[in-house]
Amino acid sequence: MKPYKTTAFRNFLLMAVFFLNTSCNKRPAENQSSPTAELIQPSALPSWDSIPGERILNWVKQVTDSASADFIPVEDRIAVFDNDGTLWPEQPVPNQLIFAIDLLKTRAPEHPEWQKDKLLNSVLNNDLSLLKSSGVSGLIKLVNASHGNISESDFNRSARNWIDTARDSRFNYLYKEMAYVPMIELLEHLRRNGFTTFIVSGGGADFMRVWSMEAYGIPSYQVIGSYGDLKFQLTNGRAEIIKTDGNIYVDDKAGKPVAIHRFIGKIPVFCGGNSDGDQAMMEYTSSNKYKTMCMLLHHTDSIREYAYDINTLSGHLETALEEAKTSGWLVVDMEKDFKKIFKPEK
């Protein structure tokens, strides 16, 4: 486990500070039995434009056809997806930062000592200026205070309550309603064709596992994310896991392939992302012996969502976009290629 002072974690925190200021182509394996591949039908991805939609559907049909030279056995059909900016929005701030602030306020009555801490007290009083000026160290303090020294069951209960009640300030959706409709269709289509879908995100694994099944149809044990130290203890004869302060493993950039190896044990054949933080995961997918597909969401729709790429620290997209041209990765223009983004649209 790498400590939070690594470059990857600093980049993750700097991404939050910014808010406060404001195919891969490979070869086949031998044929094995497989679920019958679906016929390519426009209805399989109804919220997609025909060009990227047909490219995805053609790839799925090809690699699930047991008579094809590019057939991929079911047990090797691993699909990985980033979360923030890929399955739901990450602007104007990653949603987990909002949750961290809300959780700090919820836990404050149990921690009167926070009132004596200038930074935490200012956050509790809705003044984020000190948090902004304190940079990385302030954000570490916020995350450790809100997420640390809490039992797994209490944390899960808080995350469950938040995801069931908290609303996005711009669109007025519950956060759990803000999954991108075209991406849900893609997840479902892959699963119907024998793929196992995983989240591989820089967000906190414990946070996402509470609601990933409801939002995406992805069970908690198929969620990989950043994580901190834990300890096991018996309290009055009851076994529990406690989230503690300390080291944090950041599942971002080069940390993503490492986490995939550690927790999945197979190289993916499909990879979906939206930023330079996902580039290493796509390059890792490209190394597979099978014919693979990598897909980048390019946020171009300022009306229905947000438009950003280079001029942002949250979801910065630059080198991965250039690599997509060289490697033949599918780049999805959200304004042109998504017929709808949220459901129901307001």
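Up top is the structure.
The structure displayed is predicted, hence computed values, not measured ones.

Caption draft 1: Molecular detail of the pairing of strand β4 (residues 223-235). With three bridges connecting them, strand β3 (residues 196-204) and β4 associate as parallel partners. The partner of G204 across the bridge, within β4, is S226. Judged from the eight bridges that link them, β4 and strand β5 (residues 238-249) form a sheet pairing that is antiparallel. The residue bridging Y227 from the neighbouring strand is Y249, located in β5. The antiparallel pairing of β4 with β5 creates a hairpin that spans two residues between the two strands, and N236 there sits at a positive phi of about 55°.

Caption draft 2: Structural context of the nonpolar core. Counting 56 residues, the largest nonpolar core has W59, M183, L186, Y216 and M295 as its most contacted members. Beyond its immediate chain neighbours, meaning those up to four positions away, M295 contacts W48, I56, M183, L186, F270, C271, G272, G273, M282, L330 and V332. Core analysis: the second largest hydrophobic core is formed by 20 residues, I224, I260, A324 and W329 among them.

Caption draft 3: A look at the state of the cysteines. Taken as a whole, this structure holds zero disulfides when the rule is applied. The thiol sulfur of C271 is not disulfide-bonded, and the nearest other cysteine sulfur, from C294, lies at 5.2 Å.

Cut-offs and rules
Residues numbered from 1 in each chain as written. Predicted model: local features only at pLDDT ≥ 70, side-chain atom pairs only at ≥ 80, totals over all residues. Heavy atoms only, no water. Pairing = 2+ DSSP bridges. Helix = DSSP H or I, 4+ residues; strand = E, 2+ residues; numbered from the N terminus. Core = buried A, V, L, I, M, F, W, Y, C linked by side-chain atoms within 4.5 Å. Buried < 20%, exposed > 50% of the residue type's maximum accessible area, 1.4 Å probe, protein only. Contact = heavy atoms within 4.5 Å. Disulfide = S-S within 2.5 Å.

As far as function goes, none of this settles anything; it's purely spatial.
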